[in-house]
Amino acid sequence: MLLLIKYTLLYGIVLMLVALGGMFSEHSGIINIALEGIMVIGGLGGVLAVAMLPNTLPAFVIVTVSVLVAALSGMVFSLLLAFASIHLKADQTIGGTALNMLATAIAIILAKNFNGSTSAKIDYTNNAFLFKIGGLELSIFVPLGIVLLIISYIVMYKTRFGLRLRACGEHPQAADSVGINVYKMRYSGVLISGLLGGIGGLAYIIPSVQTWNFEVGVAGTGFLALAVMIFGQWKPVHIFGAAMFFAVFKSLANIADATILSQLGWSSNIYNMMPFIASMVILAFTSKNSMAPKAEGIPYDKGSR
Amino acid sequence: MSRNKNNLGMALRQKSSSVLAALLCILIGLLVGLVALFIINAEHAWDQGFLRIIQGGFYDFPYGVGKTLTNSAPLIMTGLSVAFAFKTGLFNIGAAGQYTLGAFGGLYCALILNLPWYVCLLASALFGAVWGAIPGIFKAYLNINEVITSIMFNWIGLYMVNEIIYARGTGAMYDANNTRTWKLAERSPGSLIPSCGMSDIFHTPSTTIAIFLAIAAAILVWVILEKTTFGYELKAVGLNKNAARYAGINEKKNIILSMTIAGALAGFGAGLLYLSAGAEWNPLNTTSLPAMGFNGIATALLAASNPIGTIFSSLFISHITVGGSFLPTRYFPTEIADLISGIIIYLCAFAMLFRGVIEKKLHAGANTPDANAEPAAQTKKEGK
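Calculation rules
Residues numbered from 1 in each chain as written. Chains lettered and ligands numbered in written order. Predicted model: local features only at pLDDT ≥ 70, side-chain atom pairs only at ≥ 80, totals over all residues. Helix = DSSP H or I, 4+ residues; strand = E, 2+ residues; numbered from the N terminus. Rg over C-alpha atoms; globule rule 2.2 N^0.38 Å. Contact = placed C-beta atoms within 7 Å. Buried ≥ 20, exposed ≤ 12 C-beta atoms within 10 Å, placed from the backbone. pLDDT = per-residue confidence, 0-100. Pairing = 2+ DSSP bridges. Core = buried A, V, L, I, M, F, W, Y, C linked by C-beta atoms within 7 Å. Expected span 1.5 Å × (residues − 1). Nonpolar A, V, L, I, M, F, W, Y, C, P; charged D, E, K, R; others polar. Bend = angle between axes of the 7 residues up to and from the residue. Axes fitted to C-alpha atoms, helices over the stretch in contact; angles between N-to-C directions. Parallel < 35°, antiparallel > 145°, perpendicular 65-115°, else oblique. Left-handed = near helix turned anticlockwise from the far one by under 90°.

Looking only at helices and strands, chain A has eleven helices and four strands in total. Relative to the globule expectation of 19 Å for 305 residues, the C-alpha radius of gyration of chain A, 19 Å, shows essentially globular dimensions. If one aligns the C-alpha atoms of chain A with their principal axes, the spans along those axes are about 60 × 45 × 35 Å. Long-range contacts, defined as pairs at least 24 residues apart, comprise 80% of the intrachain contacts of chain A with a sequence gap of at least 6.

This is the structure in structure tokens:
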């Protein structure tokens, strides 16, 4: 049971962080399919930072530096999406798909180059990221994620910035007419998604293992986060709930063989499949009154009516 | 007569600027690859790096070229799948899932039922078609964005196929010693696509007539899109759903049919690879979808969704991928080729921009819309 709680919290926080990132991007009007790629690049940056920093540094320094590096690499990578879809008015889904493919290729090339060999595996120590409450071993990303969730909520609903961001995703022409710089807001939305996605990538990789093979990427977690975002209807608190709901299934898949559940005879594939099926069902039922930002996916053109 | 000529000239102009834009994308992609090679190892970057990628399969003639042809056949099909859906204004990111199902259908008929190869191929297409139809139905009746549905069903398909094939190591199609499905040549030689001497020419067992089947499919798709009423309806729906409905076209039917056919094409592609014994399915790989599905997006975009162009863009992409596999792993990671094709798609995402610039540079003439052009970005609100 403790194991289930641990896995659920660890994985749920990852999904929540990345889905929050997607939420910021979509509220600004940019569909972010590239979340998967952003996670890979953010994870790579963070892991490289951990691997390169000497172990003797205080844990606080290692954590701060690697999280910042992860966030920064995610943001730089997301700039590629922002540039293509805002300035060049490219198709956002195609651009995002390309970035996902690029991310895996870049990550493998950099990891192999870092190792100086043909292996894309990077070894690191993750002690600095873990702490214990009672018998429950958690990563630093759990409290960090909750803080970021609260900040996201405040930014989205209690600040001028959040209101303007949402305006750009609903009706950019109207936002522009009252003097909001739509391009700037959309850039901020995508950059925030890069920041959260990058941290999410690191949070996915670091806590569970001490070595990571970048040929795996992040195994579809970015796409699952997209589903979480839709399931959470583009609202921070709902996204938190949806992420935890999805994470329960994922944890069940992890521990299915080791516990009493194995008597059901379901393999991990079935548990892995469930969140996707659940989100399809939810989509089917909520499609008529979807809370999706109205203008997402449409490049903003000042001249159009 | 003169008007006809004018139209032809216009079409040619658009074709030539499309081709130029594609070449520009390729050129920039290759340049980035070259820069990456120089950063990794400047000493060997040119002769052992870049030249090998450019040479592709010809570096190790007949074998390498045979490999290029083997890989091209499924790539042409996934490219066609994406291109076909594009013409109806749909983005089929689900080609990977349809490909997965197609592989399952073909292998099931071959390994379990021992059916002849053409029946297995049809089964592949059928399984792919079912997986393509689902997002189509969601899109037509519930107005849910096909991109989201396809992504979800990609993963559902992958887990499902793995579960059935692996079945905790007891699956009848699963060879525990190789951790792959059984080799077709051992279990069901009658299900192998005939090679007609191709494998002797290229010294590869997996080069079969699959490449010709793929080319035939490309021509068939071209005929459907350009010469039939059905194709015209599909394109009309892609250009403007509302106008198409006003003209009496059943847009729901066309959306579902378009996705079904796209799925069938992707599934058929999987059949072409797995029934040529080009690969065996690994049901333990639960973390990544077949790359063939996503590379299909690259080839379709590079060809500006033209079925005939897809043949050439697929040959090119598998040419450099095979070239990448010949890189000396001592110096370079083979993923450089993936990097290049990734950059090419990224550039293709705003290729319309290139196309516009080239068109302006080449011809100062008027720019008239063409029913065969790629559909414009959808501006209609979609539920998700």
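What chain B contains, in helices and strands, is 16 helices and two strands. Within chain B, buried positions represent 57% of all 384 residues. In chain B, of all internal contacts separated by at least 6 residues, the share reaching a separation of at least 24 is 77%.

Residue and element names in this part refer to chain B. Of the residues in chain B, 90% have a pLDDT of 70 or more, and the chain-wide mean is 82. Confidence over residues 365–384 falls short of pLDDT 50; this stretch has 36 contacts with residues more than four positions distant or in other chains. Reported confidence for the predicted complex is 0.82 by ipTM and 0.85 by pTM.

All right, on to the pairing of strand β3 (residues 136–139) of chain A then. Residue and element names in this part refer to chain A. Judged from the four bridges that link them, strand β2 (residues 130–133) and β3 form a sheet pairing that is antiparallel. Opposite Ile133, over in β3, you have Leu136 as the bridge partner. Counted between consecutive antiparallel strands, the loop separating β2 from β3 contains two residues, among which Gly134 sits at a positive phi close to 60°.

What follows is about unusual backbone geometry. Despite not being glycine, Asn143 of chain B has its phi angle at roughly 55°, a positive value. As for its placement among the helices and strands, Asn143 of chain B is situated in the loop between α5 (117–142) and α6 (146–166).

Before going further, it helps to examine the nonpolar core. In terms of nonpolar packing, the biggest core is built from 227 residues, with Leu15, Ala19 and Val228 of chain A together with Ile345 of chain B touching the most fellow members. In contact with Ile345 of chain B, not counting residues within four places along its chain, are Ile94, Thr97, Ala98 and Met101 of chain A together with Ile297, Ala298 and Leu301 of chain B. Leu165, Ala175, Met185 and Tyr300 of chain A belong to the second largest nonpolar core, which has seven residues in total.

Take α6 of chain B next. Residue and element names in this part refer to chain B. Given a rise of 1.5 Å per residue, 21 residues ought to cover 30 Å, and the 29 Å separating the end C-alpha atoms of α6 matches this to within 8%. Among the 21 residues that make up α6, 19 are buried, leaving the element largely enclosed by the rest of the structure. Downstream of α6 by a residue or two, Ala167 has a phi angle that is positive, lying close to 45°.

This paragraph deals with the interface of chain A and chain B. Contacts between the two partners involve 45 residues from chain A, matched on the other side by 43 residues from chain B. Every element with two or more residues in the side of chain A that touches chain B is listed here: α4 (92–115), α9 (221–231) and α11 (268–286) of chain A. When residues of the side of chain A that touches chain B are assigned to their parent elements, the largest contribution, 14 residues, is made by α4 of chain A. Looking at side-chain class alone, the side of chain A that touches chain B contains 28 nonpolar, 13 polar and four charged residues.

Now for the environment of Leu339 of chain B. Counting through the fold element by element, Leu339 of chain B comes out in helix α15 (residues 336–349). Its 23 C-beta neighbours within 10 Å are what place Leu339 of chain B among the buried residues. Separated by 289 residues in sequence, Leu339 of chain B and Phe50 of chain B place their C-alpha atoms 13 Å apart. Contacts of Leu339 of chain B, omitting those with residues within four sequence positions, involve Leu102, Ala105, Ile106 and Ile109 of chain A together with Gly33 and Ala36 of chain B.

Below, the discussion takes up helix α3 (residues 63–87) of chain B. Think of an α-helix as turning once every 3.6 residues; residues three or four places apart then point the same way. Residue and element names in this part refer to chain B. Relative to the 36 Å expected for 25 residues at 1.5 Å per residue, α3 spans 36 Å between its end C-alpha atoms, a close match to the ideal helical length. Largest kink in α3: about 30°, centred on Ser72, with the proline Pro74 one to four residues after it. When you tally the buried positions in α3, you get 24 out of 25 residues, the bulk of the element. Where α3 terminates, the next one or two residues include Gly89, which has phi positive at roughly 75°.

We now examine the environment of Ala22 of chain B. All names here are of chain B. With respect to the helices and strands, the residue Ala22 is situated in helix α1 (residues 2–40). Classification of Ala22 as buried rests on a count of 25 C-beta atoms within 10 Å. Residues Ala22 and Lys252, spaced 230 residues apart in sequence, show a C-alpha to C-alpha distance of 33 Å. Those residues in contact with Ala22 that sit more than four places away from it in its chain are Leu302 and Ala304.

With that settled, the discussion passes to the packing of helix α5 (residues 141–158) of chain A against helix α10 (residues 236–255) of chain A. All names here are of chain A. Where α5 meets α10, the closest approach of the two axes is 9 Å, and the angle between their N-to-C directions is 150°. Here α5 is positioned roughly antiparallel relative to α10, judged by the angle of their axes. Here Leu149, Ser152, Tyr153 and Met156 of α5 come into contact with α10, specifically with Pro236, Val237 and Phe240. Grouping the amino acids of the contact of α5 with α10 by side-chain chemistry returns six nonpolar, one polar and no charged.

Residues and elements named next belong to chain B. Two elements in contact, helix α13 (residues 291–302) and α15, have axes separated by 9 Å at closest approach and are oriented at 50°. The orientation of α13 relative to α15 falls into the category oblique. Relative to α15, α13 is oriented so that their crossing is left-handed. Contact residues: α13 offers Asn295, Ile297, Ala298, Leu301 and Leu302, while α15 offers Ser341, Ile344, Ile345 and Cys348.

So, on to the environment of Thr181 of chain B. Residue and element names in this part refer to chain B. By secondary structure assignment, the location of Thr181 is in strand β2 (residues 180–181). On the neighbour-count criterion, Thr181 (26 C-beta atoms within 10 Å) is buried. The spatial distance from the C-alpha of Thr181 to the C-alpha of Ala21 is 42 Å, given a sequence separation of 160 residues.

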